[in-house]
Amino acid sequence: MTDSATETLTQPTGGAPDGAAADVRAQVQDALRGLAKAWRAHLLYEGSSPALDRIVEGVRESLRRTFAGVPFFTVAVEERELVWEGVSVYHGEDTDRPGFGGAGRSDPARENLAFTLYRDGVRELSFHRGFEREEMDELLSLLARVSRLRGEEQDDLLTLLWDRDWYHLRYRYVEALPEGAVLPGASGDPARPAEAQPREEEVQLASTVSPEDFRGALYFLDAEELRRLEGELGREMRRDLWTDVLNALFDRMEDGGALRQEQIVGILRDLLPILLGSGRLDTAGLILNELVKIATGGRRLAGPVMKSLRTLFDQLSDPATVAELVRTVEGAGAAVSEASLGSLLSYFPPEALGPLLKAAETTASATVRRTVQTAAERLAEGAREHLARLLPDHDDAVAAGAARLVGRLRVTTAAGDVARLLRRQDANTRLAAVEALQELRSPSASEALEGALEDADARVRVAAARALAALRWAPAKARLEAALDGKRLREAELTERIAFFEAYGQLAGAEGVAVLERILNGRSWLGRRESPEIRACAARGLGKIRHPAAEKALTAAAADPDPVVRTAVSHALKSQRQ
Amino acid sequence: MSDVLTHPETQRGAAQGSPGLSAEDRDLQRKGRDFLFALAGALRALALYPLENQAVVDALNALEAAALSVLDQDDEMVIRYVGDFFFVNDVRLRVDLASYATYGQVGRALQRHRIGQLEVFRGAERGEWTALLALVNSEPQDEEDPFGAFFDRLGRTAVLHLGVGPDREGERDPTGDKGRQIAKRTYAQTVAVAREAMSGLRMGRGVSLRPVKRAVQAIVDQVLTNEASIVGLTTLRDYDEYTFTHSVNVCIFSVALGKKLGFNKHQLYELGLGALLHDVGKVRMPLELINKAGPLSPDEIPVLQEHPAEGLLSLFEMRGLSEVPLRAMLVAYEHHMKVDQTGYPRSERRREPTLFGRIVAVADGFDAATTKRSYQAQPWPADKVLREMRDNPTRGFDPLVVKAFISMTGIYPVGSVVILDTFELAVVCQTNPNPECLHQPIVKVIYDSLGVPVVPPTTLDLAEIDPATGKPRRSIIKTTDPERYGINVGDYFV
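Described below are features of the structure shown in this document. All values derive from a computational prediction rather than experimental measurement. (Residues numbered from 1 in each chain as written. Chains lettered and ligands numbered in written order. Predicted model: local features only at pLDDT ≥ 70, side-chain atom pairs only at ≥ 80, totals over all residues.)

Some remarks on the overall build of chain A
Piece 1. Helix and strand counts for chain A come out as 29 helices and 5 strands.
Piece 2. Put simply, chain A has 578 residues, and 41% of those count as buried.
Piece 3. Considering only contacts in chain A between residues 6 or more positions apart, those separated by 24 or more positions represent 70%. (Helix = DSSP H or I, 4+ residues; strand = E, 2+ residues; numbered from the N terminus. Buried ≥ 20, exposed ≤ 12 C-beta atoms within 10 Å, placed from the backbone. Contact = placed C-beta atoms within 7 Å.)

Regarding the overall build of chain B
Piece 1. Looking only at helices and strands, one finds 18 helices and 12 strands in chain B.
Piece 2. Relative to the compact-globule value of 23 Å for 494 residues, chain B shows a C-alpha radius of gyration of 24 Å, a close match.
Piece 3. Oriented by its inertia axes, the alpha-carbon framework of chain B measures out at about 75 × 60 × 45 Å.
Piece 4. Here chain B holds 494 residues, and 51% of them are scored as buried.
Piece 5. Restricting to contacts in chain B with at least 6 residues of sequence separation, those with at least 24 account for 67%. (Rg over C-alpha atoms; globule rule 2.2 N^0.38 Å.)

Concerning the sheet that holds strand β1 (residues 76-82) of chain B
Residue and element names in this part refer to chain B.
Piece 1. One open sheet accounts for 5 strands, arranged β3-β2-β1-β4-β5; its pairing is antiparallel. In the strand order of this sheet, the two ends are held by β3 (91-92) and β5 (162-166), each with one partner.
Piece 2. The pairing of β1 with strand β2 (residues 85-88) spans 4 bridges and is classified as antiparallel. Note on β2: the bridge partner recorded for Ile-79 is Val-88. (Pairing = 2+ DSSP bridges.)

A few points about the pairing of strand β4 (residues 115-121) of chain B
Residue and element names in this part refer to chain B.
Piece 1. As paired strands, β1 and β4 are joined by 5 bridges and run antiparallel to one another. Its bridge partner being in β4, Glu-76 is matched across the sheet by Phe-121.
Piece 2. The sheet contact formed by β4 and β5 spans 5 bridges and is antiparallel. Following the sheet pairing, Glu-119 is matched in β5 by Gly-163.

Overview of the nonpolar core
Piece 1. Counting residues in hydrophobic clusters, the biggest one holds 218 residues, and the most contacted among them are Ala-403, Val-418, Leu-437, Leu-468, Ala-539 and Leu-542 of chain A.
Piece 2. Each residue touching Leu-468 of chain A, except ones within four places of it in the same chain, is listed here: Ser-446, Leu-449, Glu-450, Trp-473, Ala-476, Ala-503 and Leu-507 of chain A. (Core = buried A, V, L, I, M, F, W, Y, C linked by C-beta atoms within 7 Å.)

Let's talk about the packing of helix α10 (residues 258-277) of chain A against helix α12 (residues 303-316) of chain A
Residues and elements named next belong to chain A.
Piece 1. Remark: α10 packs on α12, axes separated minimally by 9 Å, with the N-to-C direction vectors making an angle of 10°. Taken as axis vectors, α10 and α12 run roughly parallel relative to one another. Between α10 and α12, the contacting residues are Ala-258, Gln-261, Glu-262, Val-265 and Arg-269 on the first element and Pro-304, Val-305, Ser-308, Leu-309 and Leu-312 on the second.
Piece 2. When its residues are assigned to classes, the contact of α10 with α12 shows 6 nonpolar, 2 polar and 2 charged. (Axes fitted to C-alpha atoms, helices over the stretch in contact; angles between N-to-C directions. Parallel < 35°, antiparallel > 145°, perpendicular 65-115°, else oblique. Nonpolar A, V, L, I, M, F, W, Y, C, P; charged D, E, K, R; others polar.)

Describing the sheet that holds strand β8 (residues 442-447) of chain B
Residues and elements named next belong to chain B.
Piece 1. In space, the 5 strands of this open sheet follow the order β9-β8-β7-β6-β12, with antiparallel pairing throughout. Looking at strand neighbours, the two that pair on one side only are β9 (453-461) and β12 (476-480), the edges of this open sheet. Sheet twist, expressed as the average angle between the axes of neighbouring strands with direction ignored, equals 35°.
Piece 2. Direction of pairing for strand β6 (residues 417-420) relative to β12: antiparallel, over a ladder of 4 bridges. Its bridge partner lying in β12, Val-418 is registered against Thr-479.

Topic: helix α22 (residues 458-471) of chain A
Residue and element names in this part refer to chain A.
Piece 1. In a regular helix each residue adds 1.5 Å, so 14 residues correspond to 20 Å; α22 covers 20 Å between its end C-alpha atoms and thus fits that length.
Piece 2. Burial within α22 is extensive, with 11 of its 14 residues counted as buried.
Piece 3. Among the residues of α22, Val-460, Arg-461, Val-462, Ala-463, Ala-464, Ala-465, Arg-466, Ala-467, Leu-468, Ala-469 and Leu-471 are the ones counted as buried.
Piece 4. In this structure, the buried residues of α22 make contact with α20 (427-440), α21 (443-452) and α25 (494-508).
Piece 5. Taken from the residues just after α22, Arg-472 is the one with a positive phi, measuring 55°. (Expected span 1.5 Å × (residues − 1).)

Below you can see the structure in the form of structure tokens.
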């Protein structure tokens, strides 16, 4: 900091008349405290919340009131406080300091605006009328951005301030540049006598160059050249610089010695998380693709380099790596395509499949699950044996994911392992097994599904009933028929009842009409009918049977006084006729 | 501490993009631009045709309409010309590739009379406009006080609704000393930063990029507000400090060229950062090779040619950026590549050198060729370097960038030592702002025809016409080697 700084800081600013100074001070104090509060709220709510909006509007109003009295005000930034005309108008709390040392993030509610500004070199701020309208939001975002990015990697506040043209905000700062640097190369004595005389020099006209030499280059660029340059600049700013930089690294890796190769592998290893973290999966994929090409190409890489490469690829299968990748996909949302992720994962070793399946099973987002599952499927296509080995995995999520994939890829040899999953404690795993068994379409798979009709979890039972119906597994008819009269189904939720009745109708066909008609239209020896819901389910079951007897049974109930039954019958008849 | 990081005169209205402007100000920017284009058209038409010519009538119609359009929005219009920028009612006009030449033309027309401000009030009539514009087109009447003379002449005409004000830059800092001091400080600090960063990397220390960024920002600020002073300092030559002064010079030339090409502030920063660090790979070269006097041996050449690739790798080791400095990396990597992809390093994969890399290649080639350094005991004259860069395709420079560079430096770049037809010896201190007079720079006469020092040096505009002969008062007959006269050119810029 130079002396001129302190001089400036003590100058009265703002132009308020003496009598109004107290009022202005109160307003400035109010505005700055509000600004600090808004900044903390920005951090707390990550830039978006109705509460933040309310606070920001409050500061805007406060600044508006201040600027009604003065066109601008200037505050000196000190380490712990902001000072207006020699008076402290904002003072942070003393407990917030440790959070700024880079050791970790402090509680946003306790951060000190003055220290944040001071630490980055800002020593004075002038707020001018209009700031509240056009630039306050920008400044708050910028301060929040600086506070979120701690450590050496952050963009410093001064760069962010410099990068933008402010119209209503001015700032002064201390230089990060060396003071007292001396200009190189000047002798300091320009007025020595000349060591020769120009007349003595051989002078020929145009002995060096003449304006005519440059006629072609003079003067301004023409319109076409300007257009070309403008187009080039536009392209330059949209250009994918990553590919250019990476291609340079690959070129040099190919023609460099072992040391350079190892250095480049190190750089690429460091870049991968950066690229993945920013959602640049295609670029990360490019790295892996080129590394594979180089490693398997004609040029022999030195032993330590190959070892580094192997370590790099091994790291990709680490559960933590995959979990981070899924987190990236979750964060990026629709910005990450299935194709990009799939392409990237094609370079992952089969060992990555387990963590990937676990991630797909545990993610909260249906879109992410679909994206990850699709990508995992591509990876598993070339690693079916490895996939089957994941079925007995003690981690239920991995086993469930593997089961689903085994089903989709129709790895029929794994049916036994899938069926064994029906004995797991975790209902989700059993459900996944049922879905997989349905896909496998083998007799042993269907037999296993029959057992699932008795599962403790309703979702599993429903899935099993539907699967058996879809597979038209007739041997399950008896077990379903027994269930129709059972107490459990009468106490079950409607979904399960419908699933069982429809499955029975589908599997039993004409043979099942009698049972279902009895339930729909029959009465007990006391003259009682089944409940309307059970009768409606029976109607749904009859609807699955395309037989005149089923139609007749349904028609008999078409005018039933109970609306639930009448509606179900009507739907069933309609579905039969379609 | 920075005195004017946010230059008070450049507060309202960004040079580029103007993201923070209100809709009203953006509208004013557009109308202001239309007005300046109309003003340029009217000045040109009046200079070429008689008043009754249809082209003049159309141009004046357009001018009046453009002025009224601004006055519809604001009650009066004040056009200020500060540095290289125009402000309309305090809103700075965006300079881009589609406007910089026209703005420059109007700026130079006003600057000849040291006019810094033009005021337009409601009710300005056709006759008032023609009177004012005719005066602007006329030759300045008083070399000592051109504005005063203009003001007097305007006062004798029937102009009531148009006013002019003096160039406030001149008033604020009549000798330009403050501007030069800031430029000198910026230059010295940037050399120190470059030295610190490169030495740190050579020693294997972690180097923070923060001071480097700050230095580049200061260079960009200087080029935007005080270009002549900072470009003048590129003439400083220090054999021992070559690596660092060269990096700073390349940075200044690149940023100045970027400005000429309409780059915005952020683009200038990225260009400057790449330029300042373009030779960073040399920190990985053996010092004895870098400092070797005389030509390199065939074995040494390939070693030195590794420095662009090493530069790319070195930049991965710098700390202090939230993002990987990709552009700077590519500049470091590509600055010895030729447009036909020859040169070095060799590319196996598809590559089209970046525009930033091609700009820095030109700036680098120019500064290196005109400087005495290891491997080059005798620097080339600047004008010959420019011609070689332009005419010799095997050098591999982008012809369009070279052309733009020449239009920035002029045929005789700043720092060239020239012999005038009076046999006086002069140093070029500024490119002529009139693009049609690139061969007639502003010079400082430092020795008379007998070799006697002129103290203080006399500043001359070589485009100045002698009314008696209708020809320039003085002309350059050749450039010469300053060493022959024992001249340290840098002395005239500090």
